[in-house]
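Listed below are the residues making up each chain.
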Amino acid sequence: YGGMGLDFSYNIAVAEELGNIRCAGIPMAIGVQAGMATPALTRFGSHELKKQFLVPTIAGDFVACLGISEAGAGSDVANIKTTAVRKGDEYVINGGKMWITSGSQADWMCLLANTNEGPPHRNKSLICLPMNLPGIHVAKKIDKLGMRSSDTAQIFFEDVRVPCRNLIGEEGKGFTYQMLQFQEERLWGVATALTPMENIIHETIDYTRQRKVFGQPVLHNQTVHFRLAELATEVELLRSLLHRAVALYVEGNDVTKFASMAKLKAGRLTREVTDSCLQFWGGMGFTSDVLVSRFYRDLRLVSIGGGTDETMLSIICKYMDILPRK
């Protein structure tokens, strides 16, 4: 379908390298295209759907977005309210989606909607939804704290009709398919955070080496250079966890637990690195002129998007069998 036929480890290699871009919005947008909106289509979609949507997406002719979150259901995916009711050979879609990356410019959406009234984990389906259909309303581009180069939209659906052949895989399997997509999304998010953290640490070392306070470089304070050494160690530990998870995933294993652990650690560590390093920049760190202040804003999303820290902890607890039993 126009791709290179490489395994997922190459996605992660690219994601780490994209971290050298001096904002996080561009790697995130590429990640939506490469590892968030398309894995289920690639794995479970029909040949016809892949020709219609996957080929132009890989070629870069189509922009894709992922329609999961809603105003009342962010990390709580099972609680989404958007419906796709089958009428003849079409689904009629009503509802809305919130916080949709690339939503203002997307050509199609990988949409998660309720297609029957069954249990919440078995009543959802993924549908390839062209974004130029009547009844789709892009309400607004959301003004955000960070990731400001990435458009994020609120979208409403009013009696949107889409052919039933646009269903990805089997009806009712959408929740399961999306949980699989989340593995790649979370691993991509971790990978794109590693290089920015490294770069922030190194730029902080350079700045504190030349910035003098009370007659000596800031870096010469043991508190400063010890803290930077600790942070660099934490980044390398996170990289090792990521690479272990990716290796297991490439071998065909379920890496939900490790992906969740890595996502949790990445969210917390990005906050720790950016906050500590910004402090060492002093007043300059509070300006928009330096990289650390941008990533202080941009990387705050890592603990929220793709599942909050609290959601990751719940998943980890489930896989460790330490949740209270009913």
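Per chain, residues are indexed from 1 in the order of the written sequence. Side-chain atom pairs in this predicted model are given and counted only at pLDDT of 80 or more, local residue features only at pLDDT of at least 70, and totals for whole chains, interfaces and linings cover all residues. To get the side-chain values, all heavy atoms of the structure are used, and hydrogens and water are removed first.

### Remarks on the overall build of the protein chain
Helix and strand assignments follow DSSP, with helices taken as H or I runs no shorter than four residues and strands as E runs no shorter than two, numbered in order from the N terminus. Helix and strand counts for the protein chain come out as nine helices and 10 strands. For the protein chain, the spread of C-alpha atoms along the three principal axes comes to 80 × 40 × 40 Å. Per-residue accessibility, obtained with a 1.4 Å probe over protein chains only, is compared with the maximum for each type, and a residue is labelled buried under 20%, exposed over 50%, and partly exposed between these values. Relative to its full complement of 326 residues, the protein chain shows a buried share of 50%. Summed over all atoms, the accessible surface of the protein chain reaches about 15700 Å², with 54% contributed by carbon and sulfur. Considering the protein chain, the positive charge centre built from 35 side chains and the negative charge centre built from 34 side chains are found 3 Å apart. Note that accessible areas follow from Shrake-Rupley with a 1.4 Å probe, and for residues the cover is restricted to the protein chains shown. Two residue types count as positive, namely Lys and Arg, and two as negative, namely Asp and Glu; His and chain ends fall outside the count. Throughout, a charge is located at the NZ atom of Lys, the CZ atom of Arg, the CG atom of Asp or the CD atom of Glu.

### So, the packing of aromatic side chains
Any two rings among Phe, Tyr and Trp, with Trp reduced to its six-membered ring, count as a pair given centres within 6.5 Å; such a pair is stacked if its planes are under 30 degrees apart, edge-to-face if over 60, and tilted if neither. Applying the stated criterion across every chain, the model contains four aromatic pairs. For the pair Phe-53 and Trp-108, a centre-to-centre distance of 5.3 Å together with 50 degrees between the ring planes defines the contact as tilted. With Phe-53 in helix H4 (residues 47-59) and Trp-108 in strand E4 (residues 108-114), this residue pair connects regions lying 55 residues apart in the sequence. Taken as a pair, Phe-53 and Trp-108 share a single burial class, namely buried. Both rings, one in Tyr-207 and one in Trp-281, keep their centres 4.1 Å apart while their planes meet at 5 degrees; by these two values the pair is stacked. Here Trp-281 lies in helix H7 (residues 256-281) and Tyr-207 lies in helix H5 (residues 174-210), a separation of 74 residues in the sequence.

### Let's talk about the domain arrangement of the protein chain
Domain assignment breaks the protein chain into domain 1 (26-170) and domain 2 (176-320). The gap between the C-alpha centroids of domain 1 and domain 2 is 29 Å. With 26 residues of domain 1 at the contact, the number on the domain 2 side is 19 residues. Summed over both partners, the accessible area lost on bringing two parts together, with a 1.4 Å probe, is the buried area. Together, the buried faces of domain 1 and domain 2 total about 1800 Å²; carbon and sulfur atoms form 64% of this surface. The source of the domain bounds is an automatic or database domain assignment. Note on contacts: a residue pair is in contact if any heavy atoms of the two residues lie within 4.5 Å.

### Considering helix H6 (residues 222-250)
By definition here, a helix of n residues has an expected span of 1.5 Å times n minus one. Taking 1.5 Å per residue, 29 residues should reach 42 Å; H6 reaches 42 Å between its end C-alpha atoms and fits that length. If you check which residues of H6 are buried, you get Val-224, Leu-228, Leu-231, Val-235, Leu-238, Arg-239, Leu-242, Ala-245, Val-246 and Tyr-249. Of the surrounding secondary structure, the elements contacted by the buried residues of H6 are helix H1 (8-18), helix H3 (39-44), H5 and H7.

### Observations concerning the UniProt feature "domain: Acyl-CoA oxidase/dehydrogenase middle" (unreviewed entry) in the protein chain
UniProt positions are given in the numbering used here, feature names are shortened, and annotations may be inferred rather than shown by experiment. In the numbering used here, UniProt assigns the feature "domain: Acyl-CoA oxidase/dehydrogenase middle" (unreviewed entry) to residues 65-160. Helix makes up 0% of residues 65-160 and strand 51%. Its end C-alpha atoms lie 17 Å apart.

### Describing the pairing of strand E3 (residues 90-101)
Between any two strands, pairing holds if DSSP finds at least two bridges. Pairing between strand E2 (residues 83-87) and E3: five bridges, direction antiparallel. Note on E3: the bridge partner recorded for Thr-83 is Asn-94. Counted along the chain from E2 to the antiparallel partner E3, the turn is two residues long, and its residue Gly-88 has a positive phi close to 65 degrees. With nine bridges joining them, E3 and strand E7 (residues 152-163) adopt antiparallel strand pairing. Across the sheet, residue Gly-95 finds its bridge partner in E7, namely Phe-157.

### Let's talk about a nonpolar patch on the surface
The grouping of Tyr-1, Val-55 and Ile-58 at the surface amounts to a nonpolar patch, some 240 Å² of accessible area in total. Within the element layout of this structure, Ile-58 appears in helix H4. For Ile-58, a relative accessible area of 40% corresponds to the partly exposed category. Note on patches: the residues involved have over 30% relative accessible area and no salt bridge, like charges join within 9 Å, and the nonpolar side chains Val, Leu, Ile, Met, Phe, Trp and Tyr join within 5 Å. Note on definitions: salt bridges are taken to be side-chain nitrogens of Lys or Arg within 4 Å of carboxyl oxygens of Asp or Glu.

### Looking at the nonpolar core
In these notes, a set of buried Ala, Val, Leu, Ile, Met, Phe, Trp, Tyr and Cys residues joined through side-chain atoms within 4.5 Å is what counts as a nonpolar core. Core analysis: the largest hydrophobic core is formed by 69 residues, its most contacted members being Leu-187 and Val-273. Composition of this core by domain shows at least three residues from each of domain 1 (26-170) and domain 2 (176-320). Discounting residues that sit within four places of it in the chain, Val-273 has contacts with Met-197, Ile-200, Ile-201, Leu-231 and Val-235. One finds Tyr-91, Ile-100, Ala-106 and Ile-127 within the second-largest nonpolar core, a separate group that totals 20 residues.

### Description of the UniProt feature "domain: Acyl-CoA dehydrogenase/oxidase C-terminal" (unreviewed entry) in the protein chain
The UniProt record marks residues 172-318 with the feature "domain: Acyl-CoA dehydrogenase/oxidase C-terminal" (unreviewed entry), using the residue numbering of this structure. In the segment residues 172-318, helix accounts for 75% and strand for 3%; the C-alpha atoms at its two ends are 23 Å apart.

### Examining the pattern of salt bridges
Applying the stated rule across the entire model yields 16 salt bridges. Between Arg-22 and Glu-203 there is a salt bridge whose closest N-O contact spans 2.8 Å. Taken as a pair, Arg-22 in the loop between H1 and helix H2 (25-36) and Glu-203 in helix H5 lie far apart in primary sequence, 181 residues in all. The closest approach of N and O atoms between Asp-143 and Arg-148, which form a salt bridge, is 3.0 Å.

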